[in-house]
Amino acid sequence: MTFDVRLLDSTYSVNQKDDGVSEVIVKLFGKTRENKSITILCPDFKPYFHVFEPSPALLKAFKDSPDVLSVEDVTLEYKGSQEKFAKVSVRAPWMVPKFRGQYELKHKTITLVDPPEELVEKLRAEPDVLEVSVLNGGVKVSTEDRVYSQKLINRYGLIAYMDEEDAEKFHTKGVFFAADIVFTNRFIYDHDLETCVRVSGDLMERSNEYTTDLLLKASRFEKCDIFTPKLKILSFDIESSIKYNNIYCICLTVINEEDGSRQDRRIFSEFGARELKISAEEQKARDEDERRILKEFVREVRALDPDVITGYNINNFDLAVLFERANKLFGKGGGKPDEEKKRQSNDELGFGRDTLGMSRRENRTTGFVTWDVKGRLILDGWLSVKKELRPKREGLGYVSTMLFNDTKDNIDSSHMDDEWQARKDEVIHYCLKDADLALRILTHPRIQAISKLMDVAIPAKLPVKEVSGGQNRMIESLLIRMVDREKVAVPMSSGEVYDYEGGFVYDTKPGLWEWVIGLDFSSMYPSQVIKHNICFTSFTKNKAEAAHTSPVGAMFLPTEKRHGIVPRMVEGLLTSRKQAKAAMKKAKEEGNLEQADYYNRLQNAIKIMANATYGYFGTKFCRWPYNRYIAPSITAWARDEIKTVVTTLESRGYTVIAGDTDSVFFTSKEHRDLEKCKLLGFTVQQEFSAGNMHLELEKVMIRFFAHAKKRYFGKIIWPEESLLVRGYEPRRTDSFDLQSETMTKVFQLVLDGKPEEAVNYAKDTVHDTIKGKVDLPRLVISKSVNEFDSYDNPGSLVHVNVAKKLQEMGYDFTPGMKTPFIITNGSAQPQKAEPVIEGVQFTARPDYKYYAERLAMALARITEPFGCDERALIQGNSQRSLEFFCDDKPAPKAEAPVHGANVKKVKQTATLDMFM
DNA sequence: CACTGTGGCCGTGGTC
DNA sequence: GACCACGGCCACGTCA
């Protein structure tokens, strides 16, 4: 049988065969073109890794181990040279980290005791040796990395000259390569599988082990074209007692995209609210009932067999509740009950597509928790809506109202025990409603969390679950395939951290400007990679060979000599993006909007990958040991590129107003209408576009205002009329609506050439605020609150105090979620505020003086050039300058003498007390 | 085992 | 009042 499959997830198992030999089986989960769920079993693939020039002792250790299947000699390129490696294949994936722990060479500096003088001379002559230092009898040899240390040890038998302790560090040790690639990914790379694949094999009898419609034993993989199957999405919500932790009910709702059908399940306790003192007998009966609830949940999910599991804030709440209750009521299953283990699982929660339980993983540094069941994607509606829409508030009720004008039922979640006792049916309805809202959020046209993951999986060539785990996996998926094919070694990350310089930001010329031309380089960083052949395979230390020397001193070979893998990969991405864009255009012309939308999302996904390539080379996770040269060279060349444009324009008498990383905004005295600006813009575009660098005229603005770097707004009149705002409060999620709305209005008035009206509007709004003439919702401020103990001084932060208060009131606190509040005393230290809770009347009095001052402070940054500073906004008197627009220099300030360029602005604080 | 980057503004609390 | 550090969020073409 042959099926076209869209891959969703992968895992493996190690089975004992009848003859006692263990068998490794890779399992792929996916959805067929006919929308059937499928499990694909792939036997006969073995884990392996590479070791650089292993010593005879290490080779013997490998060959003698019963866990090693084979050791082969291979030649791979490393830092531009062909080197000898051993390819070691082992019986099971978990043995790879075991061997690493036992045999990995961790040190690179070699200390020799009384080596012969001639040996020292030979070492000094070695090109790979960085330094040889002699200190009281000992000789210290340092090299660039462990590979070169190993080489010296092998060549000169250096272990014989080490003391016992050092010999221990280097004897029977080796430098491991590619020993950290997840086994199932290794399978995918080696078979060059993509996110869609045609698989042939024997269809097997469905077993209880797997929940999918189909079970196939694979024998062959082939390429197939991309398709997007319809998925089954399950959303769930749990209501539980905050006091006693027991579960009252779990509600599920499932939608099958194939036919739009909908199924609901309500699983709930037979008991009423728990009370503080209960008999041992009742406790026992309640526990048994709750075990039933958990089992029923697992059974329902297995039977419904969804591809995606979602809910609102399930990562922090619902899945954690399931896990804790299962651990308590069934005991821990699956492996060691070790609290310290990074990955824990509970076998009773076997609602994945195989029989393994749900597992928990916690990021050590961020504390971020993720959950996993095999074969199904777990997506959190909260995280999706946060990422896609950046709403000012993040509660389920607020988001639902915003997206579909529907909201939560009215149940007081801070008193769930009372609610369960008083109105069980309403609680169950509320629970199901929440599950439904979460499902609608995930699939909302503005969010489309699943579609987006499916889209990025296409250029990344990975199962959908893989791409939700971070962008480095997508980069490595492409890179490792190319590197393997070309027999280049795949090192492991050193984890080294370092700082380097980023983009160039032009010191903005503040004020109001007319006829501003904006240009930017398309794909600046990827283009620099291509332009200068930046890659770990083309890096050189040989000046004579180098064709490109970056401003930070790194050298790269000419493409004729060695066309780097990274530039070829990036070129491939930019080319396929162009193709996707062309396909989008064609589809649009043919009126196929759905297909046009698909290609649009695809080209966007490719763009993200192209940009992420640069980011990958800037992290400590980057495998290739040139990360100290690659990312800094990319940004340095980019700085040069944009600075050249800026200085050239300035040398011609144009006024550059702003610029950031790859963009430049400038104006010219002689170009004061659209046609002239376009002509000039296109001339500049032409002049600075060469080779693969493309400077593009992006916009012409009739008016443009800025007061600082990354703070500007403008009225675009070409190519289409629109309002541009960057950095200011209307863009920020931690500003209050009154502030955002007032500023937007002021922006518009300024851009329409009506600064007097803008100033008057600003003043009126400030005055209304002082008098309290403003709706409460427009004063709500919302800020993210992290884990309390992550703060230096949590008690001094008003938003942290509000979150603590909410937690004390009995509401669930989620680290990272925004907490809404209204300031009731802005002059107290720390400030005082009251939380804003969905469905609860806000009764406290806002500190109107505080809001008026904050408003005036923000507005003054705009109105100041028009003769109205913060004090004037509040007091009502102002003088206006007659000349609003900047020409070559910023508009003179009307009130104060013109500040020199280096004179700091004097902050003026107005007193509001006279108005109170 | 996790896992993209740097530059920058500004409100706030704290110190001198 | 000046100055600093912290914290949150934003700009980088809609992700640089």
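Note that the coordinates shown come from a computational prediction; the quantities given were computed from them, not determined experimentally. (Residues numbered from 1 in each chain as written. Chains lettered and ligands numbered in written order. Predicted model: local features only at pLDDT ≥ 70, side-chain atom pairs only at ≥ 80, totals over all residues. Heavy atoms only, no water.)

Draft legend 1. Quick look at the nonpolar core. Counting residues in each nonpolar core, the largest one holds 102 residues, and the members touching the most others are Ile-441, Leu-479, Phe-536 and Phe-666. Counting residues per element, this core draws most heavily on helix α18 (residues 593-617), at 10 residues. Residue-level mapping places this core at the junction of two domains, with at least three residues from each of domain 1 (232-447) and domain 2 (493-560 + 622-713). For Leu-479, the residues in contact, after removing those within four places along its chain, are Phe-536, Ile-565, Val-566, Met-569, Tyr-616, Phe-617 and Trp-624. (Core = buried A, V, L, I, M, F, W, Y, C linked by side-chain atoms within 4.5 Å. Buried < 20%, exposed > 50% of the residue type's maximum accessible area, 1.4 Å probe, protein only. Helix = DSSP H or I, 4+ residues; strand = E, 2+ residues; numbered from the N terminus. Domains from an automatic or database assignment. Contact = heavy atoms within 4.5 Å.)

Draft legend 2. Seen up close, the sheet that holds strand β20 (residues 377-380). Ordered in space as β15-β14-β13-β16-β20, the 5 strands form an open sheet in which the pairing is mixed. The sheet is open, and its two edges are formed by β15 (261-268) and β20, each paired on a single side. Neighbour-to-neighbour, the strand axes of this sheet turn through a mean angle of 20°, independent of strand direction. Looking at chain direction, strand β13 (residues 232-240) and strand β14 (residues 247-256) are connected through 9 bridges and run antiparallel. Of the residues in β14, the one forming a bridge with Leu-234 is Val-254. Where helix α8 (residues 318-330) meets the sheet, it contacts β13, β14 and β20, and its direction lies at approximately 65° from that of β13. (Pairing = 2+ DSSP bridges. Axes fitted to C-alpha atoms, helices over the stretch in contact; angles between N-to-C directions.)

Draft legend 3. Spotlight on helix α17 (residues 565-589). With 25 residues, α17 extends 36 Å from end C-alpha to end C-alpha; this agrees with the ideal 36 Å at 1.5 Å per step. Those residues of α17 that are buried lie in contact with α15 (471-485), α16 (524-531) and α18. The first or second residue beyond α17 is Gly-591, which carries a positive phi of 80°. (Expected span 1.5 Å × (residues − 1).)

Draft legend 4. Just the protein's contact with DNA strand B, in detail. Within the structure, DNA strand B sits among 29 residues, and Arg-361, Thr-619, Phe-621, His-707 and Tyr-850 are positioned closest to it. In DNA strand B, atoms within 4 Å of the protein come from the sugar-phosphate backbone in 80% of cases. Taking Gln-831, its main chain carries an N or O atom lying 3.0 Å from a phosphate oxygen of DNA strand B. Within the side chain of Tyr-850, one N or O atom sits 2.4 Å away from a phosphate oxygen of DNA strand B. At the level of secondary structure, the elements contributing two or more residues to the surface near DNA strand B comprise α15 and α24 (848-863). Here the element with the most residues in the surface near DNA strand B is α24; it accounts for 4 residues. For the surface near DNA strand B, the class distribution of residues is 6 nonpolar, 14 polar and 9 charged. (Near = heavy atom within 4 Å. Polar contact = N/O pair within 3.5 Å; in protein donor to acceptor, adjacent residues only side chain to side chain. Nonpolar A, V, L, I, M, F, W, Y, C, P; charged D, E, K, R; others polar.)

Taken by themselves, the reported measurements are silent on function.
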